[in-house]
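# What the coordinates show
Listed here are the chains, written in short residue letters.
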Amino acid sequence: MALLSTIRDLHRRKARERRGLALAEGVRLVEEMLAAGVACKGAVVGPTLEATPRGAALLQSLEDAGVTVEHLSDEQLDDVAATEQPQGVVAVYAPRSWTLDAMVPAPKRPVVVLDGVQDPGNVGTIARTALAFGAAGIVALPGTVDLTNPKVVRAAMGALFLMPHLHADDVATFAWLKQHHVAPWATTMDGEPLAAAPAGSIALLLGNEGAGLRPELLAHAERRVAIPIAPEAESLNVAIAAGILLYQVTR
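Residues numbered from 1 in each chain as written. Predicted model: local features only at pLDDT ≥ 70, side-chain atom pairs only at ≥ 80, totals over all residues. Heavy atoms only, no water.

Moving on, we come to the packing of aromatic side chains. The tally for this structure, following the rule as stated, stands at two aromatic pairs. Arranged with centres 5.3 Å apart and planes meeting at 90°, the rings of Tyr93 and Phe161 form a pair that is edge-to-face. Of this pair, Tyr93 sits in strand β4 (residues 89–94) while Phe161 sits in the loop between α8 (150–156) and β7 (165–167), and the two are 68 residues apart along the sequence. Phe161 shares its class with Tyr93; the two are buried. Ring centres of Phe133 and Tyr247 lie 6.2 Å apart, and the angle between their planes is 70°; this geometry places the pair in the edge-to-face category. Here Tyr247 lies in helix α11 (residues 238–250) and Phe133 lies in the loop between α7 (120–132) and β6 (137–140), a separation of 114 residues in the sequence. (Phe/Tyr/Trp six-rings, centres within 6.5 Å; stacked < 30°, edge-to-face > 60°. Helix = DSSP H or I, 4+ residues; strand = E, 2+ residues; numbered from the N terminus. Buried < 20%, exposed > 50% of the residue type's maximum accessible area, 1.4 Å probe, protein only.)

See the structure below:
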């Protein structure tokens, strides 16, 4: 079955890049995908999906949208899903192709720049939080996990269907920030406490879970900011820190 072969292939980053496709698993995520108008290229479903009214309604929505649907046993579906409980549906979709110019930064609409953030759950949670606080978009610098990774997509809970996001290199990113008068703010342990929203447009630079931001990025920063924490605590999880910072700069 061609669709099954495609789904298996899309668990690999190189295949996602080559095909320009990604995976969405679970009822809510596929519902969000359809609601956002993202192009669905096919779906496999199992008896678990059709056993509930919500699942049956989703199946009808897929069929009404003209999506190719293949019916599998729950065992077959579990075999191709990344999650332990895929809720009876795995869909293939074509992610929107975003550019830096798709982002419209403004005061209280920061750009989120991720430098080597590697945990898919963290990146997906940051995307979900960024959408909730009205961020202009997300830029993933080299070393950051693939934004179409199924675990990232799942943790983002539909945010990546709606918000501009892309992978870019340092040169292109900082040239674009300068051109659009967006001030890069580095998040560091030794930065000044962030107590008020900025007057202009900013980009929040968030670094790797263990190493933080690369020195060359710190050199670009117009300001270093931090979240005050108790001396007994070593650090905050990067997704938690992102949420606190986004609240501070958008409130």
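As for its position among the elements, Leu100 is in the loop between β4 and β5 (111–115). The spacing of Leu100 and His167 is 67 residues in sequence and 9.3 Å in space, taken between C-alpha atoms. Other than its neighbours up to four places away in sequence, Leu100 contacts Val139, Leu166, Ala172, Thr173 and Trp176. (Contact = heavy atoms within 4.5 Å.)

Let us now look at a nonpolar patch on the surface. Nonpolar side chains collect at one region of the surface, where Met189, Ile229, Leu236, Ile240 and Ile244 lie side by side and expose about 430 Å² of accessible area between them. Among the secondary structure elements, Met189 is positioned in strand β8 (residues 183–193). (Patch = residues over 30% accessible without salt bridge, like charges linked within 9 Å, V, L, I, M, F, W, Y side chains within 5 Å. Areas by Shrake-Rupley, 256 points an atom, 1.4 Å probe, with all protein chains shown as cover. Salt bridge = Lys/Arg side-chain N within 4 Å of Asp/Glu carboxyl O.)

By size, the foremost hydrophobic cluster in this structure holds 30 residues, and its most contacted members are Val112, Leu114, Ile126, Trp185 and Leu206. Where this core is concerned, the elements lending two or more residues are β5, α7, β6, α8, β8, β9 (202–207) and α11. The greatest single-element share of this core, amounting to six residues, is contributed by α11. Ignoring sequence-local partners within four residues, the contact set of Leu114 consists of Val123, Ile126, Ile138, Val139, Ala140, Leu141, Thr144 and Leu206. Membership of the second largest hydrophobic core comes to 22 residues, among which are Leu29, Ala43, Leu49 and Tyr93. (Core = buried A, V, L, I, M, F, W, Y, C linked by side-chain atoms within 4.5 Å.)

In this section: the sheet that holds β4. The four strands lie next to each other as β1-β4-β2-β3, forming an open sheet whose pairing is mixed. Each edge of the sheet is formed by a strand with only one pairing partner; in this case those strands are β1 (22–25) and β3 (69–71). Strand-to-strand, the axes of this sheet are offset by a mean angle of 20°, without reference to chain direction. Pairing between β1 and β4: four bridges, direction antiparallel. Residue pairing for β4: Glu25 is matched across the bridge by Val90. (Pairing = 2+ DSSP bridges. Axes fitted to C-alpha atoms, helices over the stretch in contact; angles between N-to-C directions.)

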